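Structural overview for review
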Amino acid sequence: MPRKPEYDREALIAQARDVFWRQGWAGTSLKDLERELKLNPGSFYAAFGSKDALYALALERYTQDGIARLTALADNLGPKAALMAQPKRVIEDALAPTKACMLAKTYAELQAKDHDLAQRAAAYLDQMKACFANLFRRAQAAGEIRPGHDPDRLAARYQSDLLGLRLSAERSDVDARAIAADIAADIDRL
């Protein structure tokens, strides 16, 4: 009878997500993962199969967590207020290993290599954009945003603004809080 693993798989995926998010795909070695996750090579391969397989799980987890947090925020504050609050939240998240978006970092790093993980990151970026579009639709249905706006176009612009904001938040010479406030003010005027 096979032994039951002595680790929490979901906790390890979350831990690996943070390592990959901070260091990127190329910057994270198997030894880094084994050390951070406290797994020997055999246990690592038994649990995840490969670095790429674990990275794929980490990307999925990053996306699911982001959508869940934003959806919960919208359920609590309303869709427009959540969209306005999100820019400040992402740059002030003290638990995030870095401010830049893991999906965008992955796509930028691996797209030129035609790596499968770049395509996964692009698909997850599309899922995030669909979440934003849904919130813009909900805000329109609630009368919080004028009906003349295209929710899909608003979502594409919003995602672009957030990605730029998150990258800008990595720089010490940029006032990311002021940019976050500008993004929120733009939404408030819709």
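Starting afresh in each chain, residues are numbered from 1 along the sequence in its written order. Owing to the predicted nature of the model, reporting of local features is limited to residues with pLDDT of at least 70; listing and counting of side-chain atom pairs is limited to 80 or more, with chain, interface and lining totals taken over all residues. Hydrogens and water molecules were not included; the side-chain quantities draw on all heavy atoms of the structure.

Details of the packing of helix α5 (residues 79-91) against helix α8 (residues 151-168)
Formally: A fitted line through C-alpha atoms serves as each axis, taken over the contacting stretch for helices, and the angle formed by two N-to-C directions is quoted from 0 to 180°. Counting from the N terminus, the helices are DSSP H or I runs at least four residues long and the strands are E runs at least two residues long. Angles below 35 degrees are treated as roughly parallel, those above 145 as roughly antiparallel, those between 65 and 115 as roughly perpendicular, and all remaining angles as oblique. By convention the crossing between two helices is left-handed if the near helix lies anticlockwise of the far one by an angle smaller than a right angle, and right-handed if it lies clockwise. Any two residues whose heavy atoms approach within 4.5 Å are treated as being in contact. Think of it as three bins: nonpolar holds Ala, Val, Leu, Ile, Met, Phe, Trp, Tyr, Cys and Pro, charged holds Asp, Glu, Lys and Arg, and polar takes everything else, Gly as well.
Viewed as axis vectors pointing N to C, α5 and α8 meet at an angle of 20°, and their least axial separation amounts to 9 Å. Taken together, α5 and α8 sit at an angle that is classed as roughly parallel. Taken as a pair, α5 and α8 cross one another with a handedness that is right-handed. Each of Ala 82, Leu 83, Gln 86, Pro 87, Val 90 and Ile 91 in α5 lies in contact with α8, whose residues at this interface are Tyr 158, Leu 162, Leu 165 and Arg 166. Residue classes in the contact of α5 with α8 are distributed as 8 nonpolar, 1 polar and 1 charged.

Observations regarding the nonpolar core
Using the following cut-off: We define the nonpolar core as a collection of buried residues of types Ala, Val, Leu, Ile, Met, Phe, Trp, Tyr and Cys that are connected through side-chain atoms lying within 4.5 Å of one another. Relative accessibility under 20% of the residue-type maximum defines a buried residue, over 50% an exposed one, and the middle range a partly exposed one, all with a 1.4 Å probe and only protein chains included.
In this structure, Phe 48 and Leu 54 are the most contacted members of the largest nonpolar core, which totals 53 residues. Broken down by element, the residue count for this core peaks at 11 residues, all from helix α7 (residues 116-141). Here Phe 48 is in contact with Arg 9, Leu 12, Ile 13, Leu 37, Leu 39, Ala 53, Leu 54 and Leu 57, once residues within four sequence places are set aside.

Brief notes about the environment of Thr 106
With respect to the element layout, Thr 106 can be found in helix α6 (residues 102-110). Sequence-wise, Thr 106 and Ala 121 are 15 residues apart; in three dimensions their C-alpha atoms are separated by 6.4 Å. If sequence neighbours within four positions are ignored, Thr 106 has contacts with Tyr 55, Leu 59, Gln 111, Leu 117 and Ala 121.

Some points on helix α4 (residues 51-77)
Selection rule: In this analysis, the expected span of each helix is defined as 1.5 Å times one less than the number of residues it contains.
With 27 residues, α4 should cover 39 Å at 1.5 Å per step; its first-to-last C-alpha distance of 38 Å lies within 8% of that length. Immediately downstream of α4, the backbone of Gly 78 shows phi near 105°, a positive value.

What to know about the pattern of salt bridges
Oppositely charged side chains can form a pair if their charged atoms are brought close together. Here is the rule: One speaks of a salt bridge when a side-chain nitrogen belonging to Lys or Arg is within 4 Å of a carboxyl oxygen belonging to Asp or Glu.
All told, the structure shown has 14 salt bridges when counted by the stated rule. Asp 75 is paired through a salt bridge with Arg 138; the nearest N and O atoms lie 3.5 Å apart. Of the two residues, Asp 75 is situated in helix α4 and Arg 138 in helix α7; the sequence distance between them amounts to 63 residues. Judged by its relative accessible area of 28%, Arg 138 is partly exposed. Where Asp 161 meets Arg 157, a salt bridge forms, and the shortest distance between an N and an O atom there is 3.3 Å. On the criterion of helical spacing, the pair formed by Asp 161 and Arg 157 is a turn pair, its members being 4 residues apart in helix α8. One continuous salt-bridge network, built from bridges that share partners, spans Glu 10, Arg 17, Asp 18, Arg 61 and Asp 65.

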